[in-house]
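Structure at a glance
One letter stands for each residue in the lines below.
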Amino acid sequence: MKISKKDFDQMKKKYDDEIRKGGKGQGPSRNVDNQTNWIFFDRKTIEELLQKTDPDKGGIRIYFTEYTEETAQQLYPNNPQDYVGRLNLVISPANEEGTTLTYAGEEEEYYNRGTSCPPKCE
């Protein structure tokens with residue numbers, strides 16, 4: 001599922017301010033003590049991203065982020081409290097140009113909504 005740059009920026013900032021600095025993810029009324037164990041992205045999403053990249057130099061850039069109250073409510077309206085403060089991955093198609101990565105298009109696109117454990121650990 002594609003997300004906006006605004007949502008990505010909010011999620012990246014929350015991660016940078018909390019987890020990246022060695023703290024715990026913070027939910028609306030608690031710290032996240034049982035943090036994300038794994039995240040699954042389906043083949044369709046991965047192939048869609050790879051189709052946007054150069055066949056020889058393309059790949060997927062993976063960002064560590066954290067769900068904010070706003071993004072959790074937007075993406076998981078039935079149970080946002082299960083996601084706020086939880087470590088997340090946002091993926092983006094990219095091309096390798098020497099030692100740098102470039103957008104695979106006119107501007108960077110962000111995708112989210114992989115299945116994460118917890119809360120879904122089937």
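Details of the structure are given in the entry above.
Residues numbered from 1 in each chain as written. Predicted model: local features only at pLDDT ≥ 70, side-chain atom pairs only at ≥ 80, totals over all residues. Heavy atoms only, no water.

Relative to the assigned elements, E108 resides in the loop between β5 (100-103) and β6 (110-111). For E108, a relative accessible area of 11% puts it in the buried group. Among the polar contacts made by the side chain of E108, one reaches the side chain of Y63 at a distance of 2.8 Å. In this structure the side chain of E108 is engaged in a polar contact, spanning 3.2 Å, whose partner is the side chain of Y110. Residues in contact with E108, not counting those within four places in the same chain, are R61, Y63, S92 and Y103. (Helix = DSSP H or I, 4+ residues; strand = E, 2+ residues; numbered from the N terminus. Buried < 20%, exposed > 50% of the residue type's maximum accessible area, 1.4 Å probe, protein only. Polar contact = N/O pair within 3.5 Å; in protein donor to acceptor, adjacent residues only side chain to side chain. Contact = heavy atoms within 4.5 Å.)

We now examine helix α1 (residues 5-17). For α1, built from 13 residues, the straight-helix expectation of 18 Å at 1.5 Å per residue is met to within 8% by its first-to-last C-alpha distance of 18 Å. Taken as a whole, α1 has its buried residues at D7, F8, M11, K14 and Y15. On an axial view of α1, the arc spanned by its buried residues comes to 130°, and they lie on one face. Its buried side turned inward, α1 meets β1 (2-3), β3 (58-66), α3 (69-75), β4 (87-97) and β6. (Expected span 1.5 Å × (residues − 1). Arc of directions from axis to C-beta.)

This next bit is on the environment of T53. When you line up the elements, T53 lands in the loop between α2 (43-51) and β3. In this structure T53 comes out as buried when scored by relative accessible area, which is 12%. Taking C-alpha positions, T53 is 6.1 Å from N95, a pair spaced 42 residues apart along the chain. With residues near it in sequence (within four places) discarded, T53 still touches G58, G59, P93, A94, N95 and A104. At 2.7 Å, the side chain of T53 and the backbone oxygen of L50 are in polar contact.

Our focus in this paragraph is the state of the cysteines. Taken as a whole, this structure holds 1 disulfide when the rule is applied. For C117, the disulfide goes to C121, at an S-S distance of 1.9 Å. Taking the sign of the S-S torsion, 100° for the link of C117 and C121, the bridge is right-handed. The exposure class of C117 is buried, given its relative accessible area of 7%. (Disulfide = S-S within 2.5 Å.)

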